[in-house]
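# Breakdown of the fold
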2 protein chains.
Amino acid sequence: MKISDLATRTGLTAHTIRYYERIGLMPAADRDSSGHRAYDERTLVWVEFLGHLKTTGMPIRDMLDYARLRAAGAGTEGRRKAMLAQHRAVVAQRVVDLNECLDVLDAKIAGYGD
Amino acid sequence: MKISDLATRTGLTAHTIRYYERIGLMPAADRDSSGHRAYDERTLVWVEFLGHLKTTGMPIRDMLDYARLRAAGAGTEGRRKAMLAQHRAVVAQRVVDLNECLDVLDAKIAGYGD
DNA sequence: CTACAACTTCGAGCGCACTCTAAGTCAAGC
DNA sequence: GCTTGACTTAGAGTGCGCTCGAAGTTGTAG
C-alpha cells in the first residue's frame, strides 16, 4: 500500500502521515524499490486506532507515550492498559458533559419559540 | 462585579475575558468610576452560555456569528434558533461518535487481559 | 522519448485560542 | 506619604496540530 492509498483509507493526507512518522507516532515505514513508503494492513489498523484516540481528544503527546510503550513491546501491557483505562474515564466524563450541554441547548432552542 | 470576580465565577482568566471583549464575543463592558470593568449577572449568564458552546466544540468564529445576531436584537431569533439547532445536531453526532470510541477502547482494554 | 503524476526531504507557514509582558493608573491600608 | 495589589492598554509570544511549498527523483501512459 502506498502512502496515497493509506491516506485515502484513513482520511488523512500524505503530508499528515509523513508528519506522524516524523514525530514518532508511526514507526519508520518500509520502503519499496524506489524508496517510496510501503504500508501493510497492520499499519492501517494502527492509524485507525490513532484516529479513535484523536476523535476522543487525546493530545498527540499522550498518543506518543502510548506509541512508545507499544514500540517497547512486551512488558508494557499493564501501563498501556492503565493509560487507556484512564483515558476512557476522561472520555466518559466528556460524554456526560456533552449531554448536559445538549440539555442546555434544547432549553435555549425551545426558548426561541416556533 | 469586577473582572477578577467574573474570572473566578466562570473559570476563565481576566486576560481571557478581555480577549473575548476585544474580539467581540462580549459587548464592551461598563466601567466604574476608576475606569475598571463592572459586570452584572446578565454578563455572567452570557459567559456561562459561551462556556457551554465552547465545551461542545463550537469555534469562536461561530460564537461570534451568534453574538452578532444577539447584539442585533429583535428579528434575529429565527436565525439564532437555527444556528443552535444545527449545532445541537453536530454535538449529538459527536456523542454518538464518542460512544463508539468508548466501545473500541473497552475492547482494547479487555484485550490486555488482567 | 516525452509528459506527467506521485513520490521524496526539509523546513517554513498557518489558524486557533489563548497567554503573557510591559508600562502605566488608581484605591486602600499602614 | 508610601507601598501593595488589582486594574488598564497595546501588542507580542506560545503550543498545538497540522499544512504547504520548493526542489528533486522515479514510475507509467501515450
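Here, residues in each chain are numbered from 1, in the same order as that chain's written sequence. To label them, take the chains in the order written and letter them from A, then take the ligands in the order written and number them from 1. Thresholds applied to this predicted model are a pLDDT of at least 70 for local features of residues and 80 or more for the giving and counting of side-chain atom pairs; totals over whole chains, interfaces and linings are not thresholded and use all residues. Only heavy atoms go into the side-chain values, all of them from the structure, while hydrogens and water stay out.

### A word on the environment of Arg94(B)
Strands are runs of DSSP state E lasting at least two residues, helices are runs of H or I lasting at least four, and both sets are numbered from the N terminus onward. Mapped onto the elements of the fold, Arg94(B) is located in helix α5 (residues 77–111). Taking the C-alpha atoms as reference points, Arg94(B) and Thr56(B), separated by 38 residues in sequence, lie 9.0 Å from one another.

### Side note on helix α2 (residues 14–23) of chain B
Each α-helix winds once per 3.6 residues, and so residues spaced three or four apart point in a common direction. All names here are of chain B. Burial classes follow relative accessibility: with a 1.4 Å probe on protein chains only, a residue under 20% of its type's maximum area counts as buried, one over 50% as exposed, and anything between as partly exposed. Among the residues of α2, those classed as buried are Ile17, Tyr20 and Glu21. For α2, the buried positions fall inside an angular range of 100 degrees around the axis, keeping them on one side. For α2, exposure combined with an orientation more than 90 degrees from the buried face picks out His15 and Arg22. Residues count as neighbours in contact if any of their non-hydrogen atoms are within 4.5 Å of one another. Residues of α2 that are buried sit in contact with α1 (3–10), β1 (30–31), β2 (37–38), α3 (41–55) and α4 (60–72). Positive phi appears at Gly24, one or two residues downstream of α2, with a value of about 100 degrees. The directions from the helix axis to the C-beta atoms form the arc being described.

### What to know about the interface of chain B and chain A
Taken together, the contacts link 30 residues of chain B with 30 residues of chain A. Two parts placed together each lose some accessible area under a 1.4 Å probe, and adding up what both lose gives the buried area. Overall, the association of chain B and chain A removes approximately 2,800 Å² of surface from exposure, summing both partners, and the carbon and sulfur fraction of that is 76%. By definition here, a salt bridge exists when the distance from a side-chain nitrogen of Lys or Arg to a carboxyl oxygen of Asp or Glu is within 4 Å. Inspection of the region where chain B meets chain A yields 2 salt bridges. Between Asp106(B) and Arg88(A) there is a salt bridge; the shortest N-O distance is 2.6 Å.

### Remarks on the protein's contact with DNA strand C
The cutoff for a nearby residue is simple: one of its non-hydrogen atoms must lie within 4 Å of the molecule or strand. Taken together, 19 residues are adjacent to DNA strand C, and Ser4(A), Arg31(A), Arg37(A), Tyr20(B) and Arg61(B) come closest. Interatomic distance of 2.8 Å between a side-chain N/O atom of Tyr20(B) and a phosphate oxygen of DNA strand C. Counting of polar contacts relies on pairs of N or O atoms within 3.5 Å, with two restrictions inside protein: one atom must be capable of donating a hydrogen and the other of accepting it, and residues adjacent in sequence are counted only when both atoms are side-chain atoms. Backbone polar atom of Ile60(B) to a phosphate oxygen of DNA strand C: 3.2 Å apart, as the coordinates give it. At the level of secondary structure, the elements contributing two or more residues to the surface near DNA strand C comprise α1 (3–10) and α2 (14–23) of chain A together with α2 and α4 of chain B. The leading source of residues in the surface near DNA strand C is α2(B), at 5 residues. Along the lines of polarity and charge, the residues of the surface near DNA strand C split into 5 nonpolar, 6 polar and 8 charged. Ten residues, namely Ala, Val, Leu, Ile, Met, Phe, Trp, Tyr, Cys and Pro, are considered nonpolar, four, namely Asp, Glu, Lys and Arg, are considered charged, and the remaining ones, Gly among them, are considered polar.

### Concerning the packing of aromatic side chains
Each pair of aromatic rings taken from Phe, Tyr and Trp, with Trp reduced to its six-membered ring, is defined by centres within 6.5 Å and is described as stacked if the planes are under 30 degrees apart, edge-to-face if over 60, and tilted in the remaining cases. Summed over all chains, the structure comprises 8 aromatic pairs over all chains. Between Tyr19(A) and Tyr20(A), the ring centres sit 5.8 Å apart and the planes meet at 45 degrees, which makes this aromatic pair tilted. For Tyr19(A), a relative accessible area of 33% translates into the label partly exposed. On the numbers, 5.8 Å between centres and 50 degrees between planes, the contact of Phe49(B) with Tyr66(B) is tilted. Here the residue Phe49(B) occupies a position in helix α3, and Tyr66(B) occupies one in helix α4, the gap between them amounting to 17 residues. Judged by relative accessible area, which is 2%, Tyr66(B) ranks as buried. Our definition puts a charge over a ring when NZ of Lys or CZ of Arg is within 6 Å of the ring centre and also within 35 degrees of the ring normal. It is Arg70(A) that lies over the ring of Trp46(A); its NZ or CZ is 3.9 Å from the centre. Of note, Lys108(B) hangs over the ring of Phe49(A), and the distance from its end group to the ring centre comes to 4.7 Å.

Any link to function would need more than the numbers given here.
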